[in-house]
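Here's the letter readout for the chains.
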Amino acid sequence: MKLHEYQSKRIFAKYGVPIPNGKVAATSTEAKKIAEDIGGRVVIKSQVLVGGRGKAGGIKLAKNATEAEEIATQILSMEIKGLPVRKVLIDKAVSINKEIYLGITNDRMARKPVLMASSEGGIEIEEVARTSPEKIIKVHIDPLLGLRDYQTRDLASGINLPQKHWRSFAKITHGLWQAYKNSDATLAEINPLVITDEGELIAVDGKMVLDDNSLFRHPDLAEMRDLDIEAAEEIEARKYGLSYIKLDGNIGCLVNGAGLAMTTMDVIKLYGGEPANFLDIGGGAGATKVAAALRIILSEPNIKAVLINIFGGITRVDEVAKGILQSLDEVKPKVPIVARLVGTNAKEGRKILTGANMITAETLTDAAHKAVDAAIGGAK
Ligand code: GDP
Ligand code: MN
């Protein structure tokens, strides 16, 4: 679950990271009021869950409250990378002397969190990693020992931060680490961490991604979920207890089991196709759940073919077949559907589906081949 900038910065602030004085607004009138309260120059920042808002025109400086109102009106009517702006953050403007990058994420290979800093802040870190990877300094944090003081010093010296800022840098880094650890985050990032003209360090931007699997023990964080900005399909899927992640391809996948779902995606790619989603209907899914899953997949406009890969165990193939029939009745798909159904009650399941307009397959290889062919055929 991604948090908005204003939410992330509030969490950082709780752990002692300095952030600009600011508040979030949903209307330009509110924005004006906030700007008046803050006084002086403010920055108006669109709250959408994508990077590069600055470049897209979603971040603007205002000299005073009247200008803040005008700019807020404009930004609140924008769409950034397809996402409508519903909220803006009004922050006291800071005078930027230098922009630094500071972030923590999980390094799966090292099986540890990795703390990263760069003197090249303000631009996306992926960009820095591509063009000048040597400018990203990394230290791994032992989860049992926590972040050690020498590590923050290594980082500060690695990015050539003047010594007078080290104490403040260490405090911010420790705060970020605590925020990351205590929130069960998979990403906590300050980009940029600004050195102001007055020589203060302050977090101007903030980004956090939380581990969905940990939200049960963070009800306060779970509540921050912004349903507005999530793909409608993902919300619908969560309602039915389906694990659904939207991807860029055009072959919809309906599979039981996360491992099988990943394998299915791999095999689709192996034959030159691109999966449109990851979808695990879970063990023991009944007809209603299957019908919901297929409805969600078919509601995607890019879909050119659907691959249903069910390995019946606890999940009964005949139940799945009933669900498929049920949703076919409702949605009348315009794309070819390839079904590979094996395992418990497969025979009964196939019987239920005779007459349904579907391409059948015996093996996963066969099914993936047929789905890729169907998708390419459909694209023509
Ligand atoms: P992003 O583009 O989505 O990463 O949004 P950021 O919050 O990182 O803002 C982008 C850029 O806008 C920053 O790197 C700064 O250069 C600039 N910016 C943001 N806030 C301020 C501010 O208070 N004062 C000034 N002068 N520039 C700002
Ligand atoms: Mn940023």
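This write-up is about the structure you can find in this document. (Residues numbered from 1 in each chain as written. Chains lettered and ligands numbered in written order. Predicted model: local features only at pLDDT ≥ 70, side-chain atom pairs only at ≥ 80, totals over all residues. Heavy atoms only, no water.)

**Some remarks on the pattern of salt bridges**
Move 1: Applying the stated criterion to the full structure yields 18 salt bridges.
Move 2: Ionic pairing is found between Lys 9 and Asp 91, a salt bridge with its closest N-O pair at 2.7 Å. Placement of the pair is Lys 9 in helix α1 (residues 5–14) and Asp 91 in strand β7 (residues 88–92), with a sequence separation of 82 residues.
Move 3: Lys 9 gets classed as buried once you look at its relative accessible area, which sits at 2%.
Move 4: Put simply, Lys 33 and Asp 37 hold a salt bridge, and the shortest N to O gap is 3.0 Å. Placement of the pair is Lys 33 and Asp 37 together in helix α2 (residues 28–38), with a separation of four residues, close to one helical turn. (Salt bridge = Lys/Arg side-chain N within 4 Å of Asp/Glu carboxyl O. Helix = DSSP H or I, 4+ residues; strand = E, 2+ residues; numbered from the N terminus. Buried < 20%, exposed > 50% of the residue type's maximum accessible area, 1.4 Å probe, protein only.)

**Concerning the site of ligand 1**
Move 1: Around ligand 1 lies a shell of 16 residues, among which Lys 45, Arg 53, Gly 54, Val 94 and Glu 99 are the nearest.
Move 2: Gly 54 has a polar backbone atom sitting 2.9 Å from an oxygen atom of ligand 1.
Move 3: Separating an oxygen atom of ligand 1 from a backbone N or O atom of Asn 191 is a distance of 3.1 Å.
Move 4: Relative to its free-state accessible area of 560 Å², ligand 1 is covered by the protein chains to the extent of 81%.
Move 5: Residue composition of the shell around ligand 1, by class: eight nonpolar, four polar and four charged.
Move 6: Residue-level mapping places the shell around ligand 1 at the junction of two domains, with at least three residues from each of domain 1 (21–92) and domain 2 (96–222). (Near = heavy atom within 4 Å. Polar contact = N/O pair within 3.5 Å; in protein donor to acceptor, adjacent residues only side chain to side chain. Areas by Shrake-Rupley, 256 points an atom, 1.4 Å probe, with all protein chains shown as cover. Nonpolar A, V, L, I, M, F, W, Y, C, P; charged D, E, K, R; others polar. Domains from an automatic or database assignment.)

**Notes on the coordination of the manganese ion (ligand 2)**
Move 1: The protein atoms that coordinate the manganese ion (ligand 2) are Asn 191 (O) and Asp 205 (OD), at distances spanning 2.2 to 2.3 Å. Here Asn 191, found in strand β11 (residues 185–196), pairs with Asp 205, found in the loop between β12 (201–203) and β13 (207–210); they are 14 residues apart in sequence, far enough to count as distant. (Donors = N, O, S within 2.8 Å, 3.2 Å for Na, K, Ca; no water.)

**Digging into the nonpolar core**
If you look at soluble globular proteins, the nonpolar side chains tend to sit buried side by side.
Move 1: Within the largest apolar cluster, 35 residues are counted, with the highest numbers of intra-cluster contacts made by Leu 102, Phe 169, Ile 190 and Met 208.
Move 2: Looking at this core, the elements that each hand over two or more residues are α1, β8 (96–107), β9 (112–118), α5 (149–158), α6 (166–182), β11, β12 and β13.
Move 3: Setting aside chain neighbours within four positions, we find Ile 190 in contact with Phe 12, Val 17, Ile 100, Tyr 101, Leu 102, Ile 172, Leu 176, Ala 203 and Asp 205.
Move 4: Ranked by size, the runner-up nonpolar core spans 31 residues in total, among them Val 290, Ala 293, Ile 308 and Val 320. (Core = buried A, V, L, I, M, F, W, Y, C linked by side-chain atoms within 4.5 Å. Contact = heavy atoms within 4.5 Å.)

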